[in-house]
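Listed below, chain by chain, are the residues.
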Amino acid sequence: MRSRFKPLLRIFCFSMNYKNNPIGVFDSGIGGLTVANAIRKALPHETLIYFGDTAHMPYGDKSAEAIKYYSLKIAKFLQLMGCKAIVIACNTASSLAYQDVKDFLGETLPIMNVIDPVVAHIAQQGTYKNIGVIGTKATIKSAVYPKKLLPLTPNLVVKSLATPLLAPMIEEGFFENNISKTVINTYLSSSKLKNIEAIVLACTHYPLIQKEINQFYNGKIDILNTAHIVASHVKQQLLEKNLLSGTKTGKDQFFVSDKTTSFENSTRLFFGNKINLQQKNIWANNV
Ligand code: DGL
């Protein structure tokens, strides 16, 4: 009798423990830590495994093929680390590689991106007539926001502007100073962003300059901080899939493909706490 129930018991125990498995989060660098930070605040019982592809950043200037290749490798690594879900915490990778990652791994675990929850949020609001989107060259060139928004909100005008200097500027610690003010003001003064009622911060680095963007607009337009919108989406998805962890059992881990002191120093700005970064080479075939 006892032996007949053993396999069932094992499956039951496995599925109970599986909920405690980590959530994998990845970005081209350390910008995605703004999303990881929002997730940890919204879901304090979850364990996170973060991967920042610092060896290959910025993704914003890379080809679609390169971004897909890197993203698939990282997603596979996070799956091998036992992640129960993966969040692509990079607008550039979400624009160009989400479908490939989903096709490759989507049957085995939920794959989430940082664009769909923001698109759903804007469509739900339904109040905007003109909306601005700023992001990397690759994100803006992909036109992913207008492509996803227009079928849901046909009367909305999406005004997009590539702002490639912003991510490296932030990563170098240039924000809330004269240099960042000049760069931000020059970009936001562009005629391409005229008469907008809201702006999407379509790059995971930009929450760090949200205050300065708000100052530029004198608080008169809505600034959509995607990190918070994405964190609530992750919570909802895990709840619906019965994957929420009841208690935090593991330790958060943070991997980068190239570890430098400057990355280590910047992590506190993005995540709030000091982080112990581990260097990991995942590019060999057998990883
Ligand atoms: N964090 C990336 C994003 O959200 C931008 C940085 C990069 O170009 O790698 O698009």
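For the structure itself, look to the data block above.
Not measured: the values here are computed from a predicted model.

A. Broad picture of the environment of Lys-251. The residue Lys-251 is located in the loop between helix H11 (226-240) and strand E9 (253-256) in this model. Overall, the relative accessible area of 70% leaves Lys-251 in the exposed class. Taking the C-alpha atoms as reference, Lys-251 lies 33 Å from Glu-65; in sequence the two are 186 residues apart. Lys-251 has contacts with Thr-47 and Leu-48, leaving out every residue within four places of it along the chain.

B. Here's a closer look at the packing of aromatic side chains. Enumeration according to the criterion identifies 8 aromatic pairs in this entry. Here Tyr-69 and Tyr-70 contribute two aromatic rings whose centre-to-centre distance is 6.0 Å and whose plane-to-plane angle is 65 degrees, an arrangement assigned as edge-to-face. Relative accessible area serves as the criterion here: at 13%, Tyr-70 is assigned to the buried category. Ring geometry for Tyr-70 against Trp-283: centres 5.7 Å apart, planes inclined by 70 degrees, an arrangement best described as edge-to-face. One end of the pair, Tyr-70, is in helix H3 (residues 64-80); the other, Trp-283, is in the segment after strand E10 (277-279), and 213 residues separate them in sequence. Through pairs of rings, three or more aromatic residues link up here, namely Tyr-59, Tyr-69, Tyr-70 and Trp-283.

C. Local environment of the site of the ligand. The environment of the ligand is formed by Asp-27, Ser-28, Pro-58, Tyr-59, Gly-60, Cys-90, Asn-91, Thr-92, Thr-136, Cys-203, Thr-204 and His-205. Contact with the protein chains covers 98% of the free accessible surface of the ligand, which is 300 Å². Considered class by class, the residues forming the shell around the ligand number 4 nonpolar, 7 polar and 1 charged.

D. Quick look at the packing of helix H5 (residues 116-125) against H11. Contact geometry of H5 with H11 gives a least axis separation of 9 Å together with a crossing angle of 100 degrees. Between H5 and H11, the angle is such that the two are roughly perpendicular. Of the residues in H11, those in contact with Pro-117, Val-118 and His-121 of H5 are Thr-226, Ile-229, Val-230 and His-233. When the residues that make up the contact of H5 with H11 are grouped by side-chain class, the tally is 4 nonpolar, 3 polar and no charged.

E. Region of interest: the state of the cysteines. On inspection of all chains with the given rule, the structure shows 0 disulfides. With no disulfide of its own, Cys-90 lies closest to Cys-203 among cysteine sulfurs, the gap being 7.1 Å. According to the relative accessible area criterion, Cys-90 is buried, its value standing at 3%. Overall, Cys-203 belongs to the buried group, its relative accessible area being 6%.

F. Fine view of the pattern of salt bridges. Taken as a whole, this structure holds 6 salt bridges when the rule is applied. Of the charged contacts, one joins Glu-176 and Lys-211 as a salt bridge, the two residues approaching to 3.8 Å between their closest N and O atoms. With Glu-176 in the loop between helix H8 (166-171) and helix H9 (178-188) and Lys-211 in helix H10 (residues 210-216), the pair connects residues that are 35 residues apart, well separated along the chain.

Cut-offs used in this document
- Residues numbered from 1 in each chain as written.
- Predicted model: local features only at pLDDT ≥ 70, side-chain atom pairs only at ≥ 80, totals over all residues.
- Heavy atoms only, no water.
- Helix = DSSP H or I, 4+ residues; strand = E, 2+ residues; numbered from the N terminus.
- Buried < 20%, exposed > 50% of the residue type's maximum accessible area, 1.4 Å probe, protein only.
- Contact = heavy atoms within 4.5 Å.
- Phe/Tyr/Trp six-rings, centres within 6.5 Å; stacked < 30°, edge-to-face > 60°.
- Near = heavy atom within 4 Å.
- Areas by Shrake-Rupley, 256 points an atom, 1.4 Å probe, with all protein chains shown as cover.
- Nonpolar A, V, L, I, M, F, W, Y, C, P; charged D, E, K, R; others polar.
- Axes fitted to C-alpha atoms, helices over the stretch in contact; angles between N-to-C directions.
- Parallel < 35°, antiparallel > 145°, perpendicular 65-115°, else oblique.
- Disulfide = S-S within 2.5 Å.
- Salt bridge = Lys/Arg side-chain N within 4 Å of Asp/Glu carboxyl O.

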